[in-house]
Amino acid sequence: MKNIVEHINSNTDNYINQLKDFLRIQSISTLPDHKKDMTEGAEFVANSFKAAGMNNVKVIKTKGHPLVYADWLNAPGKPTVLIYGHYDVQPVDPIDLWDSPPFDPVIKDGKIYARGATDDKGQMFVHIKSVEAFLKNGGTLPVNVKFLIEGEEEIGSHNLDEFVEINKKALKCDTILISDTALYATGVPTLTYGLRGIAYLEVELTGPNRDLHSGTFGGAVGNPINILAELITKLMNKNGRITIPGFYDDVLKISSKERASIRALKFSGQKYAKELGVKELKGEKNYSTLERTWVRPSLDCNGIFGGFTGKGAKTVLPSKATAKISMRLVPNQEPKKIAELFKKYIHQIAPKSVSVKINEIHGATPFVVSPNAKSIEAASKAMSIAFGRKTVFMREGGSIPIVASFLKKLKVPPVLMGLGLNTENLHSPNEHFDLKHFHLGILSSAYFFDEYSKS
Ligand code: BES
Ligand code: MN
Ligand code: MN
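Attention in this report is confined to the structure presented alongside it. (Residues numbered from 1 in each chain as written. Chains lettered and ligands numbered in written order. Predicted model: local features only at pLDDT ≥ 70, side-chain atom pairs only at ≥ 80, totals over all residues. Heavy atoms only, no water.)

**Remarks on the sheet that holds strand 4 (residues 106-108)**
The strands making up a sheet are joined through hydrogen bonds of the backbone, oriented either antiparallel or parallel. Read from one edge to the other, the open sheet built from three strands follows the order 4-5-16, with strand pairing classed as antiparallel. The open sheet is flanked by strand 4 and strand 16 (432-434), the only strands paired with a single partner. Ignoring strand direction, the axes of neighbouring strands in this sheet form an average angle of 25°. When strand 5 (residues 111-113) meets strand 16, the two strands line up antiparallel, connected through three bridges. (Pairing = 2+ DSSP bridges. Helix = DSSP H or I, 4+ residues; strand = E, 2+ residues; numbered from the N terminus. Axes fitted to C-alpha atoms, helices over the stretch in contact; angles between N-to-C directions.)

In structure tokens form, the structure reads like this:
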């Protein structure tokens, strides 16, 4: 391992320059105008695999954005690691709030600023570089490796899901390694053993057949915005419980053992609130902040629009109003079932003065796994060596849609070796990635291959 570690340590500046090139690509999966950038993103990943010495490098077309595959299978008798990540990124708006252009990476105080820096280009690149360090020093890896990198994670991974189903045999592996989550705190090696799922829907209300003068008609005709606001507030009660009938039926109760292990983590609600600029936290009664985001479901309106939103005033009683609503789910809630319950309830409580249309946008199944798997133990050891302290275990509130389907279809444990921080502004302006964690991540990845091959 000594020569591998030295190779990594002496090449970190090169790695950062390559990461900068990756971050310049505007691979925003949700915006049709960026289709070409998506191809460029996939090509960049494929070329990085080739440069690392990987075999069978393929850019695979899908109905949406391409997948990138590569493997190295010359370690007979050793386990196989499937590495997943995504090269697509979120849109950049509101662009005015960025201190530097989102696709022009800059380094400030040891952090690299750009869209995708922490989610997920910086994190996934770590594994390409660790593989490269092995293949450039002796030409072999201690384990077999398959990479599967996608361009549709931020839009629900629909095409990857189908690909995994069809290619179950080719993707056969002993564990799945993913860096697309967060460290518990800066410098603290962390493994995540559960993620929430999601059900995301859009509710459109239509009232009168056209926009109306709010003076002549106001008071006599139902206003879709007012009604939409009413409906949203009816979805949760004053104890922070979601009121949709049947919503909690499948929720797994947290064990007292897990409760205790979460309570044992150092956490300050005050610091958390202060960092977010709020005077008080808000959530489900009788649960702590970490429990509220890791093991309890939640419901949020992500966007709401309708009527006049320009500067100044326009007196109008609008014809339509729309809200985008997501529910974060926990085991064993099923996104399809929850979406049905949501639709049924909205139709039931909506007054006749509006007509209701509901679209399902996407979903992801939540999961939790036992942290005792061999690969997770090897990863815990590997991260401890790289970071120089004990690895902690946690769950996360975010979702990675494909993980539950990997679990169902490939039936192997996932190692969620997150390297980001939840304060690194993923999905928001001034996204960044701590380059210290980038470096420690490459080392963790390398130690993982070594530890896992010995187990
Ligand atoms: N990497 C994130 C998920 C994440 C964020 C996990 C922070 C742990 C900590 C991922 O790219 C993401 O944003 N997922 C979406 C999924 C959705 C679009 C289906 C999410 O959670 O909103
Ligand atoms: Mn991600
Ligand atoms: Mn994301």
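**Things to note about the sheet that holds strand 10 (residues 298-306)**
The strand order across the open sheet formed by four strands is 10-11-9-12, and the pairing between neighbours is antiparallel. In this open sheet, the two strands that pair with only one neighbour each are strand 10 and strand 12 (355-364). Going across the sheet, the axis of each strand differs from the next one's by a mean of 15°, ignoring polarity. Of the pairings in the sheet, the one linking strand 9 (residues 197-206) to strand 12 comprises nine bridges and is antiparallel in character. Bridging across to strand 12, Tyr200 finds its partner in His362. Relative to the sheet, helix 9 (residues 335-349) contacts strand 9, strand 11 (320-329) and strand 12, its axis offset from that of strand 12 by approximately 165°. (Contact = heavy atoms within 4.5 Å.)

**Focus: the coordination of the manganese ion (ligand 2)**
Each protein donor to the manganese ion (ligand 2) is listed here as His86 (NE2), Asp119 (OD), Asp180 (OD) and Asp180 (OD); together their distances run 2.0 to 2.5 Å. Viewed at the metal, the six donor atoms of the manganese ion (ligand 2) are separated by angles of 56 to 166°, and the geometry they form is irregular. Counting gaps between the donor residues of the manganese ion (ligand 2) yields the pattern H-x32-D-x60-D. In this structure, the manganese ion (ligand 2) is positioned 3.6 Å from the manganese ion (ligand 3), and both are ligated by Asp119. (Donors = N, O, S within 2.8 Å, 3.2 Å for Na, K, Ca; no water. Tetrahedral: all angles 85-135°; square planar, octahedral: opposite > 155°, others 65-115°.)

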